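# Examining the three-dimensional arrangement
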Amino acid sequence: TRFATSRGLTQVFVVVPPTPVHHPAADPDTDALHLVGAGLHAEGIAVSAAGIRARWALDPRPFLRWIHGVRSEDAEAPGVDAVHLDVEAWRLREWDADRQRVTRGLVDLLRLAREAVPDLPLSADLPHWLAGEPYWPPPTGVDPSRAETPGPSPGPAVTTGGAPSSRGRIRPAGG
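Residues numbered from 1 in each chain as written. Predicted model: local features only at pLDDT ≥ 70, side-chain atom pairs only at ≥ 80, totals over all residues. Heavy atoms only, no water.

### Focus: the overall build of the protein chain
Scanning the protein chain for helices and strands turns up five helices and four strands. If you list the helices and strands of the protein chain from N to C, you get α-β-α-β-α-β-α-α-β. In the protein chain, buried positions account for 34% of the 175 residues. A separation of at least 24 residues holds for 70% of the contacts in the protein chain among residues at least 6 apart in sequence. Entry remark: accessible area of the protein chain is about 10200 Å², with carbon and sulfur atoms responsible for 55%. (Helix = DSSP H or I, 4+ residues; strand = E, 2+ residues; numbered from the N terminus. Buried < 20%, exposed > 50% of the residue type's maximum accessible area, 1.4 Å probe, protein only. Contact = heavy atoms within 4.5 Å. Areas by Shrake-Rupley, 256 points an atom, 1.4 Å probe, with all protein chains shown as cover.)

Written out as structure tokens, the structure reads:
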């Protein structure tokens, strides 16, 4: 809190580790988030819980446990003001083998996040080249005519913008 107030910050993004599967009700990380959040809120600083697990793009169940942990239902401990996702799915080994599946999983995760926190601002870090990644056909149960923005048309699984491989090297278009 001192760091944020001394630098005139108005919003802090707090990276919150995933809630442990073995005992989600007693997670010291989310308890710490609520303690930090209370101190920041007392100074008028907004708190965003930041989630950074790339694997959520392939299995969103841990995300749902995480979001439940960062949401406080206690009026005395207001919890977070927003949720921010920095889920770098292209760092997964599966990225090189099946970009379409991983990209579709990331899109699904963002939709799921919006449903999980309809009352909070939701933001995400996404690279510009991700728009060129194929993820069609759309996920099951999604009507493409109701999509917020048109998706890329079906086509080869090669990007046109030079996206990184999961090993961090940039692959040129067509390569």
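### Some details on the confidence of the model for the protein chain
Scored by pLDDT, the protein chain has a mean of 78; 66% of the residues are at 70 or more. When pLDDT is averaged over each element of the protein chain, strand β4 (residues 122–124) comes out on top at 96 and helix α2 (residues 28–42) at the bottom at 79. The model gives residues 147–160 a pLDDT under 50, and that stretch makes 17 contacts with residues more than four places away or in other chains. (pLDDT = per-residue confidence, 0-100.)

### What about helix α5 (residues 99–116)?
With 18 residues, α5 extends 25 Å from end C-alpha to end C-alpha; this agrees with the ideal 26 Å at 1.5 Å per step. Those residues of α5 that are buried lie in contact with α3 (61–70), β3 (82–85), α4 (94–97) and β4. (Expected span 1.5 Å × (residues − 1).)

### Here we look at the pairing of β3
On β3, burial covers both faces: Ala-82 and His-84 on one face and Val-83 and Leu-85 on the other are all buried. With four bridges joining them, strand β2 (residues 46–51) and β3 adopt parallel strand pairing. Looking at the pairing, Ala-49 lines up with Val-83 of β3. Judged from the three bridges that link them, β3 and β4 form a sheet pairing that is parallel. Looking at the pairing, His-84 lines up with Ser-123 of β4. (Pairing = 2+ DSSP bridges.)

### Considerations on the packing of α3 against α5
Remark: α3 packs on α5, axes separated minimally by 11 Å, with the N-to-C direction vectors making an angle of 30 degrees. Relative to α5, the element α3 is oriented roughly parallel. By crossing handedness, the relation of α3 to α5 is classed as right-handed. Within the contact between the two elements, α3 uses Phe-63, Leu-64 and Ile-67 and α5 uses Leu-109, Leu-112, Ala-113 and Ala-116. Of the residues in the contact of α3 with α5, the class split is seven nonpolar, no polar and no charged. (Axes fitted to C-alpha atoms, helices over the stretch in contact; angles between N-to-C directions. Parallel < 35°, antiparallel > 145°, perpendicular 65-115°, else oblique. Left-handed = near helix turned anticlockwise from the far one by under 90°. Nonpolar A, V, L, I, M, F, W, Y, C, P; charged D, E, K, R; others polar.)

### Some words on α3
Looking at α3, one finds that the buried residues are Phe-63, Trp-66, Ile-67, Gly-69 and Val-70. Projection of α3 onto a plane perpendicular to its axis shows the buried side chains occupying an angular sector of 155 degrees, all on one side. With respect to the buried face of α3, the exposed residues turned more than 90 degrees away are Arg-61 and His-68. (Arc of directions from axis to C-beta.)

### Observations regarding the side chain of Thr-103
In this structure, Thr-103 sits in helix α5. Here Thr-103 is in contact with Trp-95, Leu-130, Glu-133, Pro-134 and Tyr-135, once residues within four sequence places are set aside.

### Focus: the environment of Phe-13
Within the secondary structure, Phe-13 is located in strand β1 (residues 11–15). As for Phe-13 and Ala-49, which are separated by 36 residues in sequence, their C-alpha atoms are 5.9 Å apart. Beyond its immediate sequence surroundings of up to four residues, Phe-13 is in contact with Ser-48, His-84 and Ser-123.

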